[in-house]
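# Structural features, examined
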Amino acid sequence: MVKHVNRFVLANIALCCLSVFAAGAATLDTLAQRGNLRIGYIADQVPFSSSEAGANPAGYSIDLCGKIADEIEHQIPQLRREYVEMTLANGFDAVKNGQIDLLCGAITVNLERREIVDFSQPIFLTGATALLRKDSPSYLQPLFLDQPAVRSVSERPSTRVIGVRANTTTGATLRQALTTQVSNTTIADFETHEDGLRALEGHKIDAYFADQVLLMNLVTRARDPSSLEVGDRLFTHEPYAIALRRDDADFRLLADRALTDFYLSDGFLPMLTTYFGADAPMLHTQIIMEHVP
C-alpha cells in the first residue's frame, strides 16, 4: 500500500514539474508555431504609443517593444509583427487570454494588474497631476502648483468637476482621495485624453487629471497652449512597463535582457531625445540608475 501511495505522489510531482516546464516555454513555443508576434498598444498615449490611419503605431513604448521583438527574432527568424489596437479596459485581459503577447503604452504597474499579467522591468517613471486653464477656479491653483501665480480667474460659478480618462490608475487614485474628504467636487470620465482636453478648453471641467508626462504632450495639441499649464505637484508614483503573460519567467527574462541591452547601448539616448527633447539626458540618467538590474 505504501509503495502504491509513493508511486502516486511521485507521479503527481512529475506531472506538476512537466506542467511548470510547459508553462515556462509556452510563449516562445506559441510564437514559433504561429509565426507572428502580436503587439497590443493603446492608441492615444502620445509620446508612448499612438497611431494614424494607414501606418503602424509609433512611440517610445512601441520602439521598446520592437527591441523585444528583435531579441525574439534571434530565436525565431522571420517572425512577423502584428499590431493590435487595444484599450485600457480590455488590454490586460487580452494579454492573459493570449490574444496579444505584449501590451505597450503608458502602462502603470500596480498590484491589481499583477493579478492578471506580468510586467517587464520599468521603462519610465512619472506621476499624476492636473492640466489647468490659466483661468481655472482659484481653489485648484494651490493644489497642483507649487508656486501659483497671482492671476485673475473666471468669475462664473465653479463647476467643481475634474476630468480623468476612464479605467486608469490615476482616476482610481483621484476617486479614493475624494472619498476621504468632504468635497463637492465630482469626477467626469473621458474615453480619450483628447476628449478631456476639449472639455477643459470648453470650460466643461475645471481641470484634467493624468500622468504629468502625458499632460505635457497633450498641451502641445491644444488650440491655445499658452492658455494652459501643467501642475508641478505629483500625487502618485507611476512606474511604466510592458505587460506580458504571467507564469513565463523565461519570456520575461528575454524581454528584460532586450531592454537592458538597449538601455546600455549608444542608441538609447537618441531615442529619448526623439520623444522627450531637452529632458532626454536627465531621463537617460534616471533610467540607467533606477531601472537597469
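Just so you know, the residues in each chain are numbered from 1, in the order the chain's sequence is written. Totals for whole chains, interfaces and linings use every residue, but because this is a predicted model, local features are given only for residues with pLDDT of at least 70 and side-chain atom pairs only at 80 or more, for both listing and counting. Working from all heavy atoms in the structure, the side-chain values ignore hydrogens and water.

### Re the nonpolar core
- Take the buried residues of types Ala, Val, Leu, Ile, Met, Phe, Trp, Tyr and Cys, join any two whose side-chain atoms come within 4.5 Å, and each joined set is a nonpolar core. Per-residue accessibility, obtained with a 1.4 Å probe over protein chains only, is compared with the maximum for each type, and a residue is labelled buried under 20%, exposed over 50%, and partly exposed between these values. Ranked by size, the top nonpolar core spans 40 residues in total, and within it Y60 and I72 carry the most contacts.
- Elements with a contribution of two residues or more to this core: α1 (2-34), β1 (36-42), α2 (60-75), β5 (102-104), α8 (212-219), α9 (249-263), α10 (268-276) and α11 (280-291). A run of DSSP states H or I qualifies as a helix once it reaches four residues; a run of E qualifies as a strand once it reaches two. Both are numbered from the N-terminal end.

### With respect to the packing of aromatic side chains
- For Phe, Tyr and Trp, rings pair up if their centres lie within 6.5 Å, where Trp contributes its six-membered ring, and each pair is then called stacked (planes under 30 degrees apart), edge-to-face (over 60) or tilted (otherwise). According to the stated counting rule, one finds 15 aromatic pairs in the structure shown.
- Here the aromatic rings of Y60 and Y275 are separated by 6.5 Å at their centres, their planes lie at 70 degrees, and the arrangement is edge-to-face. Taken together, the residues Y60 in helix α2 and Y275 in helix α10 connect sequence positions 215 residues apart.
- Accessibility expressed as a relative area gives 0% for Y60, which makes it buried.
- Ring centres 5.4 Å apart and planes at 75 degrees place the aromatic pair Y60 and F276 in the edge-to-face group. In this pair, Y60 is assigned in helix α2 and F276 in helix α10, connecting sequence segments 216 residues apart. Per residue, the accessibility class of Y60 equals that of F276, and both read buried.
- Within the aromatic cluster, the residues linked to one another by ring pairs are F48, Y60, F124, Y240, Y275 and F276.
- Geometry around Y139 places R160 over its ring, the cationic atom sitting 4.1 Å from the centre. In this scheme, Lys NZ or Arg CZ marks a charge over a ring once it lies within 6 Å of the ring centre and within 35 degrees of the ring normal.

### Digging into the state of the cysteines
- Put simply, a disulfide is two cysteine sulfurs that come within 2.5 Å. Applying the stated criterion to the full structure yields 1 disulfide.
- Disulfide partner of C65: C104, at an S-S distance of 1.8 Å. In this structure, the disulfide formed by C65 and C104 twists by about -100 degrees around the S-S bond and is classed as left-handed. Pair noted here: C65 is in helix α2 and C104 is in strand β5, with a separation of 39 residues, a long-range link. Pair check on accessibility: C65 and C104 agree, each one buried.

### What to know about the packing of α2 against α10
- As a packed pair, α2 and α10 sit with axes 10 Å apart at the nearest point and diverge in direction by 155 degrees. In terms of orientation, α2 and α10 fall into the roughly antiparallel class. Counting all contacts with α2, which are made through Y60, D63, L64 and K67, the residues of α10 involved are F268, M271, L272, Y275 and F276.
- Only Asp, Glu, Lys and Arg are considered charged in this grouping, and only Ala, Val, Leu, Ile, Met, Phe, Trp, Tyr, Cys and Pro are considered nonpolar; every other residue, Gly among them, is considered polar. Taken together, the residues of the contact of α2 with α10 sort by class into 7 nonpolar, no polar and 2 charged. To obtain an axis, a line is fitted to C-alpha atoms, over the contacting stretch when the element is a helix, and the angle between two such axes runs from 0 to 180 degrees between their N-to-C directions. For classification purposes, angles smaller than 35 degrees are called roughly parallel, those larger than 145 roughly antiparallel, those between 65 and 115 roughly perpendicular, and all remaining angles oblique. The criterion used for residue contact is that any of the two residues' heavy atoms lie within 4.5 Å.

### Points about the packing of α10 against α11
- For the pair α10 and α11, interaxial distance at closest approach is 9 Å and the crossing angle is 130 degrees. Judged by the angle between their axes, α10 and α11 are oblique. Considering the relative orientation of α10 and α11, their crossing is right-handed. Contacts from F268, L269, L272, T273 and F276 of α10 reach α11 at A280, P281, L283, H284 and I287. In this scheme, a crossing is called left-handed if the near helix is turned counterclockwise away from the far one by less than a right angle; it is called right-handed if the turn is clockwise.

### Regarding the environment of D135
- As for its position among the elements, D135 is in the loop between β8 (128-133) and α5 (141-144).
- Placed 68 residues apart in sequence, D135 and H203 show a C-alpha to C-alpha distance of 9.7 Å.
- Within the local environment of D135, its side chain forms a polar contact with the side chain of R133, the two groups lying 2.8 Å apart.
- A distance of 3.2 Å separates the side chain of D135 from the side chain of H203, its partner in a polar contact. Under this definition, polar contacts are N or O atom pairs within 3.5 Å; protein pairs additionally need one hydrogen-donor-capable and one acceptor-capable atom, and for neighbouring residues in sequence, both atoms have to be side-chain atoms.

### A look at the sheet that holds β8
- Following DSSP output, two strands are said to pair if at least two bridges run between them. A sheet is described by the order of its strands in space; here 5 strands give the open sequence β10-β9-β11-β8-β12, paired in mixed fashion. Where the open sheet ends on each side, the last strands, each with one partner, are β10 (186-190) and β12 (228-230). In this sheet, neighbouring strand axes are inclined to one another by 30 degrees on average, regardless of whether the strands run parallel or antiparallel.
- When strand β9 (residues 161-165) meets β10, the two strands line up parallel, connected through 5 bridges. The partner of G163 across the bridge, within β10, is A188.
- Strands β8, β11 (207-211) and β12 of the sheet are contacted by α8, whose axis makes an angle of about 125 degrees with β11.

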